[in-house]
Structure formats: structure tokens, C-alpha cells
Amino acid sequence: MYDWNRQRPSAMPYHRYRPAHDRVEVPAADRAWPARRITEAPLWVPVDLRDGNQALAEPMDPARKRRMFELLTTMGYKEIEVGYPSASQTDFDFVRHLATPGMVPDDVSVVVFTAARRDLIERTFAAIEGMSRVVVHLYTATAPTWREVVLGHDRAELHALIRDAAEHVARLAGDRDIRFQFSPEVFNLTEPDYVLEVCNGLTALWDASPDRPVIHNLPATVEVATPNVYADQIEYMHRHLDRRDAVILSVHPHNDRGTGVACAELAVLAGAQRVEGCLFGNGERTGNVDLVTLALNLHSQGVDPMVDLSDIDEVRRVVEHCNRLPVPDRHPYAGDLVYTAFSGTHQDAINKGLAHHAKRAADLGVPPERAPWEVPYLPIDPADVGRDYQAVIRVNSQSGKGGIAYLLHTRYGLELPRRLQIDFSSVVQRATDGSGEEITAEQLWELFHATYVAPGEGAAPVEWRTVEKAPGVHVFEGTLPGGRRVHGTGNGPLAALTAALAAGGTEADILHYAEHALDPGRGGRAIAYVELRAGGVTRWGAAQDTSVLTASVHAVMAAVARAREGTAVQV
């Protein structure tokens, strides 16, 4: 117990649960996986149409199943688990639908799932009649609790049941283009020597070879341990499986502890070659491992994910339609807010990072989307997945000047001077503190206009002109609202204007001036920003016009009008 953190025992009955290391047998091994790196994508197998569909409160109808299958093939998945045809008529009919010539691309293999029972295996083969490039996925739970409580078999009896089912699968397959897969369900709670015995027996029975490999899929059906334990289990199997070059070692992590992605990545380091999961992690309880996150994690490390996620919003729309489940706003890579910063410090860093990225791309002579990516707080370029930069920075009461300036620049072309950024950020905070709500770029512009531009619209001279009488000698003369004439001389048009104002009783010193074009080409609009001190009060003003001089004069008058008020405009 630390004096500075006096945590207290909870009232929860934690003593009812056994630590994972008391439940999971992990053979001692000289681990190699911690030192490895992932340099290529594993073989992906989406199970949205089977495992994911089984987890839906309202399973997909045929139209939604078809839409999901089309999405998966469009994204580039080449092996897709399409159903559990012996479990329901809907699944059986969908597999029969895919058996129609031309429904499955020639380079795509379909996987069908069946329990290790002869009648269910036969129903499965009836569903795939006439299909080629099929994987028959046989499964049985093997963990002690499942053997004893659910199945009522000891180790030998269950092994005999599995072998009988595998022989039946082989007989029905004959010499057709069918590959075999076995899953010892709840692998992660099964004795490693037993799993190895069963899997090696099936490798021999199915006569696995490098050109017709057997798939051994090792599920973390219910997560019970930290991901390193699963990695140790996978590495043990990887080292001890017979005919290793004729076996594809596959994993199927779930997410009960919230570490499904970590389990999959560590399993690949430990020797797994294939990963089963669902788009956005749908599945029973907390879900299957998320294939989108896994793929984009690889992308962020410079590894080709081998699937197309360049329009992630369309992928998400289809999945949400098919599953009738929303993808959370903070979901990695795909959520509405994952590329968005509200915090002022984050916004400032992102704003500077994007500017640096654009400059670096220009220096390299490549488009920004091809330049190396190093922008603070954004692990990947949002454009890689079809997002634009409009939503990268959004403003609320905790946002800072950088984010506000970024939004006004990207949406309206404004390049606010730094001191004006600071000044306007306090205006925005006052406007948002009361509601606590987000403010849009359009609302920012309205607030900017009301604060800095509108005060000059009623204070600008009714008519005016400037004349350069001699080099460096400018004269301003005009009529202010109310009919008062003013006249002044200075070393430039604005100096002449402030002299005219002083002659009329308003002392005004220009502290900062900036202007830039808003529209390209001749005749485009310009905006001017003026900071001045009048009557001991410092204020900013701004104005737009197709004439830079007109914009400058109106900006001065806006700042003067605000200084006369003595306080910033409130909206």
C-alpha cells in the first residue's frame, strides 16, 4: 500500500476464480516469438457469415448474407466461411445459392462448418454438392470441462469420435476439390499433449501434403489468460505438429478479456499462418477478433494487409446494415471520431504535423498521399481509408487556437495571424463553455464574422479615397457614417487613415497588419486583419473585399469600432 494511493479491497468475490496458470497447461519452452516481427499478412478467413451471424440477435436474411459475401470478396478475401448448413435451413439454402455457377469467384474458397456427427456431416456435404474449392471445417470441443460436462466422454472416447467423423468426411469427399480443417474447440483450455495427439492423427488420416495441406485451427474460444499464454500454446503446437510443411496453423481468438487482437498478433509471431475473425469484431459475448483492426495494424507498420480497406466508411455501412449493429465512434480506424481531435494541444500538434507533411511531400516532389507519414496523434493517414481531413479537427470548449485556425483555413481559406488565433480562441471558449457542445466550421465562421468583421460594416466610411501626393506621402479623405468628413496624411494609406481618425478625435495605432488572397486569380477576394490600440484598448478587426485596400480600410474601422465598445463582441 502506498501512502499516495490508498486503494481499498473490493467487495467482489474474486476468490471464486482460479488463475489462468492453474487452469491452462503451458509446456515449458524456450520462447522464440518475443523476438520475432510480423513482416507479411497471415491468411485471412472472415467468419462473419457463420460465427458472426450466429451471434446476432436477428440473424441475417438471404439478402443480407449475399451483401456481406459480396463485400468480403470485393475487399479481397480469398477464403470465406459461409455457413453452418446443418444448423439451419437458412444456412443450408444460402450455401446452395452459392453453388449456382458464377456465384463464387474462381479464386475464392468457401468454408462450411460442421460438428463431428455423421448426420450433420452428411447434411453439410449435401449443401456443397456441385461446388469446388471447398473447405469442410470439422469441430469438437476438447477441453476437460466440455468433455466431462457437455459431451460425457473421456479423452480416448472423444478421440475415437473425432477420428470416426474425420474418416466419414474423407469418404464423402472422395477425390473432389475439398480440403479439410479441424478445430479442437476451446483449445486454449485443453491439455497440449491431447490436442497434439488428435491433430497429428488427423494430419495422417487425411494424408496432408504441401500441395493439399490440412488446416488445424486452434481457437481461444473463451479468453482466459493474458495473450502471452496463448502465444506459448501456439508456439508449442507450431514446433511439434507432424508434417509441419503440410499443415496450415490457424487461430480463432475471441475477445472475452478485450485482448483478442493482441492474442492474434502474438499467435502469428508464434507460428500461426492463418487468422479467423470478423469485420469490426462481431461475435458471441465480446466478439471474435477484429479483422479490420488487425489488417490496419499491419498497414500502420508498413506491411501490406492484403485486403482493401481504402473506403472504410462503405465497409462499415455494409457491415452495420448486415449485422444491424453500430460500429462505435471510438472503434479503432473505423469509428467516426478516431481521426478527430478536440483537445487544443492535440489540435496544435496535428495542425503543425499536417503542414510539415505537405511541405515534406513538396520537397520530395511526390503527392501528399505518397509521402512518408509522420503526423502526431494520427497513426495512419486518414486518406488511406477514404477519410478526408475536414473531420480531423473539431472544436468544443476544450479546443485550442490551432484547431480553430485549422478549421477556418481548410474550410474558408483564412490564415489567421498567431495573435488573432489566441484572441479568437478565447471568444470561441466563451461561446462554447455554456453549452459544452461542439461547434462546427460554419458556426466558427459565423462567430468570427460577428466578432471581427460585422462591427466594421456599420463604421466604414460612406465614401473615401487615398491619393499618393508624393513618394511616401499618402492622403486619406472621406466621409464617416453620420456625415463627418475626415482628412489625414501618412506614409501609407492606412497611416493616412489613422491620422484622419486622430484628427477627428480617435487616436488609433496599428500594431499588426496582414492580408492574403481568398480566391485565386485576378479579381478574387482578399481578407485583411488589423490589430490596433485605441483609447487604451487593443482589438482586432477583419474585412473581405475584391480590393485589398478596401478590405484593409474596413478592417481598421472594425477594430476601431470594437475598441470603442471596450469589450469583445458577444454572440
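Definitions and limits used
- Residues numbered from 1 in each chain as written.
- Predicted model: local features only at pLDDT ≥ 70, side-chain atom pairs only at ≥ 80, totals over all residues.
- Heavy atoms only, no water.
- UniProt positions renumbered as here; feature names shortened; annotations may be inferred.
- Disulfide = S-S within 2.5 Å.
- 1 Å grid on protein atoms, 1.4 Å probe; cavity = no way out; pocket = protein on both sides within 12 Å on 5 of 7 lines; lining within 4 Å.
- Points joined across faces, edges and corners; volume = space filled by probe spheres on them.
- Helix = DSSP H or I, 4+ residues; strand = E, 2+ residues; numbered from the N terminus.
- Nonpolar A, V, L, I, M, F, W, Y, C, P; charged D, E, K, R; others polar.
- Buried < 20%, exposed > 50% of the residue type's maximum accessible area, 1.4 Å probe, protein only.
- Contact = heavy atoms within 4.5 Å.
- Polar contact = N/O pair within 3.5 Å; in protein donor to acceptor, adjacent residues only side chain to side chain.

The chain appears in an unreviewed UniProt entry as 2-isopropylmalate synthase from Nonomuraea salmonea. The UniProt entry for the chain carries this comment under Cofactor (unreviewed entry): "Mg(2+)". In its Catalytic activity (unreviewed entry) section, the UniProt entry covering the chain states "3-methyl-2-oxobutanoate + acetyl-CoA + H2O = (2S)-2-isopropylmalate + CoA + H(+)".

1. Side note on the state of the cysteines
Scanning the entire structure with this criterion turns up zero disulfides. Not part of a disulfide, C199 finds its nearest cysteine sulfur in C263, a span of 18 Å. The closest cysteine sulfur to the non-disulfide-bonded C322 is located on C278, 12 Å from its own sulfur.

2. Some thoughts on empty space enclosed by the protein
Within this structure, the stated rule accounts for two cavities of 30 Å³ or more. When its volume is computed, the largest cavity comes out at roughly 70 Å³. Lining the largest cavity are V24, N188, A220, E223, V224, A225, T226, V229, Y230, Q233 and C263. Considering every element that reaches the lining of the largest cavity, the biggest residue donor is helix α9 (residues 227-240), with three residues. The residue makeup of the lining of the largest cavity, split by class, is seven nonpolar, three polar and one charged. Of the pockets and cavities examined, the second largest cavity occupies roughly 60 Å³. Around the second largest cavity, the lining residues are I38, P42, W44, A264, E265, V268, V275, L294 and L298. In terms of residue count, helix α10 (residues 260-269) provides more of the lining of the second largest cavity than any other element does, three residues in total.

3. Here's the deal with the environment of R36
Within the fold, R36 resides in the loop between α1 (20-23) and β1 (43-46). For R36, a relative accessible area of 33% translates into the label partly exposed. Separated by 234 residues in the primary sequence, R36 and A270 place their C-alpha atoms 8.1 Å from one another. Setting aside its immediate chain neighbours within four residues, R36 contacts E235, L269, A270 and G271. At 3.4 Å, the side chain of R36 forms a polar contact with the side chain of E235. Side-chain polar atoms of R36 contact the backbone oxygen of L269, separated by 2.8 Å.

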